[in-house]
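An overview of the molecular structure
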Amino acid sequence: MEAPGVGPPLVVLEDVDKHFGDLHVLQHVNLTVAKGEVVVVLGPSGSGKSTLCRVINRLETIGSGSITIDGERLPEEGRALANLRADVGMVFQSFNLFAHKTVLENVTLGPIKVRKVPAAQARERGLELLTRVGVESQADKYPAQLSGGQQQRVAIARALAMDPKVILFDEPTSALDPEMVNEVLDVMVGLAKGGMTMVVVTHEMGFARKAANRVVFMADGKIVEEGGPESFFTSPRTERAQDFLSKILTH
């Protein structure tokens, strides 16, 4: 079933299994994310949410199953993997910017090195993207000179600079001070409205309600429940989801 305004399948996980030693972190996970869809992944700590994000761009390998991006199976390694990974943007909890490079250099490095975009063109596009996320005035500064919220917005611009087919967000606001959270979520809501395909692991229920086409709820390495945000938040079907929501929505 295609959500409104979204297209054909873009990210497809079929029967994906992953162990860390004896810990079964992903158990037979099946998930399809359509082009233009925003999928928010919720669940308690240790449910496998971050690992789910990390296997989609092969930061973690899988034990069995398959993952395809836009019809292409994830390669094991080498140049093919680097090329495919360029199609999958990633925004981490901890920004992961290069400390010794300026904000603009952080944003243009990937396009120049991986996409072979001419430097002047990459710079022009980089400034456009920094304007889009509201930090153009910081272009020549270094990451350490920026607030956490500004650094995370630069990280989003850096992901966008590669023209990815999908962007994965792994708890993008959890390392931020509360007053900086909204400035990052506002950028993400803008991306969602603009049709960017997004998989977002987050604890921000307001974002899930506002921007998600679909909420996926995980517990113990499994997808326990999924559905539209309205139905998930107002009438979750499973006991695990009811329990989770009762703990977080009462505070």
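Quick notes on the rules
Residues numbered from 1 in each chain as written. Predicted model: local features only at pLDDT ≥ 70, side-chain atom pairs only at ≥ 80, totals over all residues. Heavy atoms only, no water. UniProt positions renumbered as here; feature names shortened; annotations may be inferred. Helix = DSSP H or I, 4+ residues; strand = E, 2+ residues; numbered from the N terminus. Contact = heavy atoms within 4.5 Å. Core = buried A, V, L, I, M, F, W, Y, C linked by side-chain atoms within 4.5 Å. Buried < 20%, exposed > 50% of the residue type's maximum accessible area, 1.4 Å probe, protein only. Phe/Tyr/Trp six-rings, centres within 6.5 Å; stacked < 30°, edge-to-face > 60°. Pairing = 2+ DSSP bridges. Salt bridge = Lys/Arg side-chain N within 4 Å of Asp/Glu carboxyl O.

An unreviewed UniProt entry lists the chain under the name ABC-type polar-amino-acid transporter, with Microlunatus antarcticus as the source organism. Regarding the chain, the UniProt comment filed under Catalytic activity (unreviewed entry) reads as follows: "a polar amino acid(out) + ATP + H2O = a polar amino acid(in) + ADP + phosphate + H(+)". In its Sequence similarities (unreviewed entry) section, UniProt records this for the chain: "Belongs to the ABC transporter superfamily."

Right, let's talk about the environment of Leu 84 for a bit. By secondary structure assignment, the location of Leu 84 is in helix 2 (residues 78-86). For Leu 84 and Arg 209, which are 125 residues apart along the polypeptide, the C-alpha to C-alpha distance reads 30 Å. Residues within four places of Leu 84 in sequence aside, it is in contact with Ile 69, Glu 72, Arg 73, Leu 74 and Pro 75.

With that out of the way, let us pick up the nonpolar core. One broad rule of soluble globular proteins: the nonpolar side chains tend to lie buried together. Counting residues in each nonpolar core, the largest one holds 50 residues, and the members touching the most others are Leu 42, Leu 130, Ile 156, Phe 169, Met 188, Met 198 and Phe 207. Counting residues per element, this core draws most heavily on helix 6 (residues 178-193), at nine residues. The contacts of Ile 156, once residues within four sequence positions are left out, are Val 91, Val 133, Phe 169, Val 184, Val 187, Met 188 and Leu 191. One finds Leu 10, Val 41, Ile 62 and Val 166 within the second-largest nonpolar core, a separate group that totals 28 residues.

Further remarks concern the packing of aromatic side chains. Applying the stated rule across the entire model yields three aromatic pairs. On the numbers, 6.0 Å between centres and 35° between planes, the contact of Phe 217 with Phe 232 is tilted. Here Phe 217, found in strand 9 (residues 214-219), pairs with Phe 232, found in helix 8 (residues 229-234); they are 15 residues apart in sequence, far enough to count as distant. A relative accessible area of 0% means that Phe 217 is categorised as buried. With a relative accessible area of 1%, Phe 232 lands in the buried category. Judged by centre distance (5.2 Å) and plane angle (50°), the rings of Phe 217 and Phe 244 are tilted.

Most of helix 1 (residues 49-56) is tucked away, with six of its eight residues classed as buried. Among all positions of helix 1, only Lys 49, Thr 51, Leu 52, Cys 53, Val 55 and Ile 56 are buried. Looking at the residues trailing helix 1, positive phi occurs at Arg 58, about 60°.

Spatial ordering of the open sheet is given by 2-1-4-5, a layout of four strands whose pairing is antiparallel. Either end of the sheet is taken by a strand with one partner, and the two such strands are strand 2 (23-34) and strand 5 (72-73).

This brings us to the pattern of salt bridges. Taken as a whole and assessed by the stated rule, the structure comprises twelve salt bridges. Of the charged contacts in the structure, one is a salt bridge between Lys 18 and Glu 60, with a shortest N-O distance of 3.8 Å. In this pair, Lys 18 is assigned in strand 1 (residues 9-20) and Glu 60 in the loop between helix 1 and strand 4 (64-69), connecting sequence segments 42 residues apart. Asp 87 is paired through a salt bridge with Lys 165; the nearest N and O atoms lie 3.7 Å apart.

The next point concerns unusual backbone geometry. A positive phi angle, close to 60°, is found at Arg 58, a residue other than glycine. With respect to the helices and strands, the residue Arg 58 is situated in the loop between helix 1 and strand 4. Residue Asp 220 is not a glycine yet carries a positive backbone phi of 50°. As for its position among the elements, Asp 220 is in the loop between strand 9 and strand 10 (222-227). For Asp 220, a relative accessible area of 46% gives the class partly exposed.

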